[in-house]
Amino acid sequence: MTWSSEASKAKKAAQAKAIPPEWYIPKDKLPPESVKNVTGFYRTCGVLNQSEIDIVDLQPDVLLSKLASGSLTALETTIAFCKAAAVAHQLTNCLTEIFFDRAIERAKYLDEAFKKNGNKPVGPLHGCPISLKDQFQIKGIECNMGIAAWLGEISERDSVLVTILNDAGAVLHCRTNVSQALMFQFGETDNYVYGKTCNPYNRTLTCGGSSGGEGALVALHGSVFGVGTDLGGSVRIPACYQGLFGLRPSLHRFPYAGARNTLLGLEGIASALGPLSRSLDGITAFSKSVIDGEPWLLDPKCPEIPWRQDMLEMKDKKPVFGVTYWDEIAMPHPPMRRALSMTVDALKKAGYEVVEVKPFKVAEAVSLVGELYSSDGGEDLSRTFAKSGEPWHPLILTAGMDKKLSVWESWQLNLKKDDFREAYLNYWNKTRELTSTGKPIDGLLLPPSVSTAHVLDKWHQYLPYTAFFNLVDLPAMVIPVNASVDPELDPVDTSYQPASDLDAAIQGCYSPEVYENAPLTVQLVGRRLREEEVIGMTRHVVNALEASKV
């Protein structure tokens, strides 16, 4: 399809018709631009009744229990979340494909199956509304990923993840907005088909990217949990910016087969799918349900590793944590420093050992990641956009990186990456010299970003706090600390001397008044293919943070 603004307008018009008229909020009832925080608006806008508000406010474990017992029907639950998603979209522009009608029919089917099965659920996610990033194909529904050349392309198959979620009894009700080509140089969600998505905690700030639509939707209770993908931080940054839990697993632990993407065939560094949720229980429910679906039988890249509940529970093990306060290139802004200090203090108060771990060759990692991303000299995106004449978005990370590697040069780059991974593994193992146990740390705490959610369109390229762990392929969780930017607690640090011009530019972006109310989070990294342990360690962190506030 040839790109034009008219094509995008037509798609947006069709999208608008997918929301029932009675779920639209009159323009004079929508919050004015001066109202930045709209996270509670779904409760007062009149679209949801009180029963539906109560449903979307339930924590995932409680909701799943009520659905499994029959005290809530799939239909009433699905309608509640579809309404909340419709409200979220009107506030933040977070949705792409909207298929509420299909979700409602699915919910009716599940309710009938529940009765026929003797009041037994179809699966562990029976009746649970789940949203998907605009990559996961659903047969019979368009999947264009915000790329104009792909407008009108109807999926002929389900992605493997969709198959597993359906088998588990889930209800898929919408897909969410993304960065063009999923390759922005910093956390924004914008493209020429659907436009820009903002942050519901402060609509002058970005929701992050490239899974930013998921972050905004989940924060506004429009989905029980959502599914994003992460090539350099694209699950973790939206989780960070919306104060959510977000898991980037090791590559292929969850099934990616059948999902659309750019840069397909790039194996030197690859994308992993992961969940975002308002609670850790949502992360756990998603992860266990997907692994219990035996994805290795459907996706040949998935390792045959069943769910390890004992690893999650850590009954006979008290984890030892490392902490990296900054990467010695760019200092996190004051509120991000406060979040990490709060977490470390809470853990120490609860009796956990926390040792400082210095950063490892971050500049070399940054160089490697950039070379891997751009190793085709931009050919894949150029070919994709050329089909429609769609322009490159100015925020695309690899724009202008036109050095195309030969096959041999690409092989050498992969060898450098493998050497780096081995060196980092040895570095992690060497932390045994820092701990009282004589064993390496179990998990590493550090900021997920130098910044909380930042002002739309105003930022400097800096991904290493997340992209480093894509390079070394370690699972990582973003953890909310239930705090937000406070001008009194987080003033500009006038005593700090920037380490470089880049650092100075990043520090210059910060204003506590502008960033007010942006959520605070930390990041926890674990050992490769030990996702259950990362979830278990996260529970220890959450419990320590809760105990510290008593």
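Criteria and thresholds
- Residues numbered from 1 in each chain as written.
- Predicted model: local features only at pLDDT ≥ 70, side-chain atom pairs only at ≥ 80, totals over all residues.
- Heavy atoms only, no water.
- UniProt positions renumbered as here; feature names shortened; annotations may be inferred.
- Helix = DSSP H or I, 4+ residues; strand = E, 2+ residues; numbered from the N terminus.
- Buried < 20%, exposed > 50% of the residue type's maximum accessible area, 1.4 Å probe, protein only.
- Polar contact = N/O pair within 3.5 Å; in protein donor to acceptor, adjacent residues only side chain to side chain.
- Contact = heavy atoms within 4.5 Å.
- Pairing = 2+ DSSP bridges.
- Axes fitted to C-alpha atoms, helices over the stretch in contact; angles between N-to-C directions.
- Patch = residues over 30% accessible without salt bridge, like charges linked within 9 Å, V, L, I, M, F, W, Y side chains within 5 Å.
- Areas by Shrake-Rupley, 256 points an atom, 1.4 Å probe, with all protein chains shown as cover.
- Salt bridge = Lys/Arg side-chain N within 4 Å of Asp/Glu carboxyl O.
- Domains from an automatic or database assignment.
- Buried area = accessible area lost by both parts, 1.4 Å probe.
- Core = buried A, V, L, I, M, F, W, Y, C linked by side-chain atoms within 4.5 Å.
- Expected span 1.5 Å × (residues − 1).
- Arc of directions from axis to C-beta.

- For the protein, an unreviewed UniProt entry supplies the name amidase and the organism Dendrothele bispora.
- In the Catalytic activity (unreviewed entry) part of its UniProt record, the protein is described as follows: "a monocarboxylic acid amide + H2O = a monocarboxylate + NH4(+)".
- Per its UniProt entry, the protein bears the Sequence similarities (unreviewed entry) comment "Belongs to the amidase family."

## Thoughts on the side chain of Thr-96
So, point 1. Tracing the backbone shows Thr-96 in strand S1 (residues 95-98).
So, point 2. Overall, Thr-96 belongs to the buried group, its relative accessible area being 2%.
So, point 3. A distance of 3.5 Å separates a polar atom in the side chain of Thr-96 from the backbone nitrogen of Thr-176.
So, point 4. Ignoring anything within four residues of it in the chain, the contact list for Thr-96 reads Gln-15, Asp-134, Arg-175, Thr-176, Asn-177 and Tyr-194.

## What about the environment of Gln-15?
So, point 1. Along the chain, Gln-15 turns up in helix H1 (residues 5-17).
So, point 2. Residue class for Gln-15 comes out buried when judged on its relative accessible area of 6%.
So, point 3. Along the chain, Gln-15 and Leu-91 lie 76 residues apart, while their C-alpha atoms are 15 Å from each other.
So, point 4. Among the polar contacts made by the side chain of Gln-15, one reaches the side chain of His-89 at a distance of 3.4 Å.

## A word on the sheet that holds strand S12 (residues 476-484)
So, point 1. Reading across the sheet, the eleven strands line up as S1-S3-S2-S6-S8-S7-S12-S13-S11-S9-S10 and stay open at both edges, with mixed pairing between neighbours. Edge positions in the sheet fall to S1 and strand S10 (354-356), since each of these pairs with one other strand and no more. Each strand of the sheet is rotated relative to its neighbour by a mean of 25 degrees, with strand direction disregarded.
So, point 2. Both S12 and strand S13 (residues 519-525) contribute to a ladder of six bridges, which runs antiparallel. Across the sheet, the residue bridging to Ala-476 is Val-525, located in S13.
So, point 3. Of the strands in this sheet, S1 and strand S3 (171-176) are in contact with helix H5 (residues 100-116), which crosses S3 at around 160 degrees.
So, point 4. Of the strands in this sheet, strand S6 (225-230), strand S7 (245-248), strand S8 (272-277) and S12 are in contact with helix H9 (residues 280-292), which crosses S8 at around 140 degrees.

## Considering a nonpolar patch on the surface
So, point 1. Taken together, the side chains of Val-407, Trp-408 and Trp-411 present a nonpolar region at the surface, about 400 Å² in accessible area.
So, point 2. Mapped onto the secondary structure, Val-407 falls in helix H14 (residues 407-429).

## Comments concerning the domain arrangement of the protein
So, point 1. Under the domain assignment, the protein is made up of domain 1 (23-31 + 39-311) and domain 2 (312-548).
So, point 2. Measuring from the centre of the C-alpha atoms in domain 1 to the corresponding centre in domain 2 gives 24 Å.
So, point 3. Listed per partner, the contact involves 64 residues of domain 1 and 73 residues of domain 2.
So, point 4. Taken together, both faces of the contact between domain 1 and domain 2 bury some 5,800 Å²; the carbon and sulfur share is 60%.
So, point 5. The interface formed by domain 1 and domain 2 includes six salt bridges.

## Here we look at the nonpolar core
So, point 1. Of all hydrophobic cores here, the largest spans 159 residues; its most connected members are Phe-100 and Leu-165.
So, point 2. Per-element accounting of this core gives the leading share, ten residues, to helix H4 (residues 74-92).
So, point 3. Among residues more than four places away in sequence, those in contact with Leu-165 are Leu-125, Ile-130, Leu-132, Ala-170, Leu-172, Phe-286 and Val-290.
So, point 4. Formed by six residues, the second largest nonpolar core is a distinct cluster that contains Met-145, Ile-147, Ala-149 and Leu-182.

## With respect to the environment of Glu-156
So, point 1. Summarising the element assignment, Glu-156 is placed in the loop between strand S2 (129-133) and helix H6 (160-167).
So, point 2. Assessed through its relative accessible area of 72%, Glu-156 is described here as exposed.
So, point 3. Along the sequence, Glu-156 and Leu-110 sit 46 residues apart, while their C-alpha atoms lie 24 Å from each other.

## Description of the UniProt feature "active site" (unreviewed entry) in the protein
So, point 1. Mapped onto this structure's residue numbering, the UniProt feature "active site" (unreviewed entry) falls at Lys-133, Ser-210 and Ser-234. With the annotated positions falling across 102 residues, the maximum pairwise C-alpha distance of 10.7 Å places them together in a single cluster.
So, point 2. For Lys-133, the position within the fold is in strand S2.
So, point 3. Using a relative accessible area of 0% as the deciding quantity, one classes Lys-133 as buried.
So, point 4. Within polar-contact distance, the side chain of Lys-133 engages the side chain of Ser-211 at 3.0 Å.
So, point 5. Assignment of secondary structure puts Ser-210 in the loop between strand S5 (202-206) and helix H7 (212-219).
So, point 6. If we skip the residues at most four places from it in the chain, Ser-210 touches Lys-133, Asn-177, Val-178, Ser-179, Leu-182, Thr-189 and Ser-234.

## As for helix H12 (residues 362-373)
So, point 1. Its twelve residues place the ends of H12 16 Å apart at the C-alpha level, agreeing with the 16 Å of an ideal helix rising 1.5 Å per residue.
So, point 2. Along H12, the residues classified as buried are Val-362, Ala-365, Leu-368, Val-369, Leu-372 and Tyr-373. In a view along the axis of H12, the buried residues occupy a sector of 130 degrees, so they form one face of it.
So, point 3. Next to the buried residues of H12 lie H14 and helix H15 (464-471).

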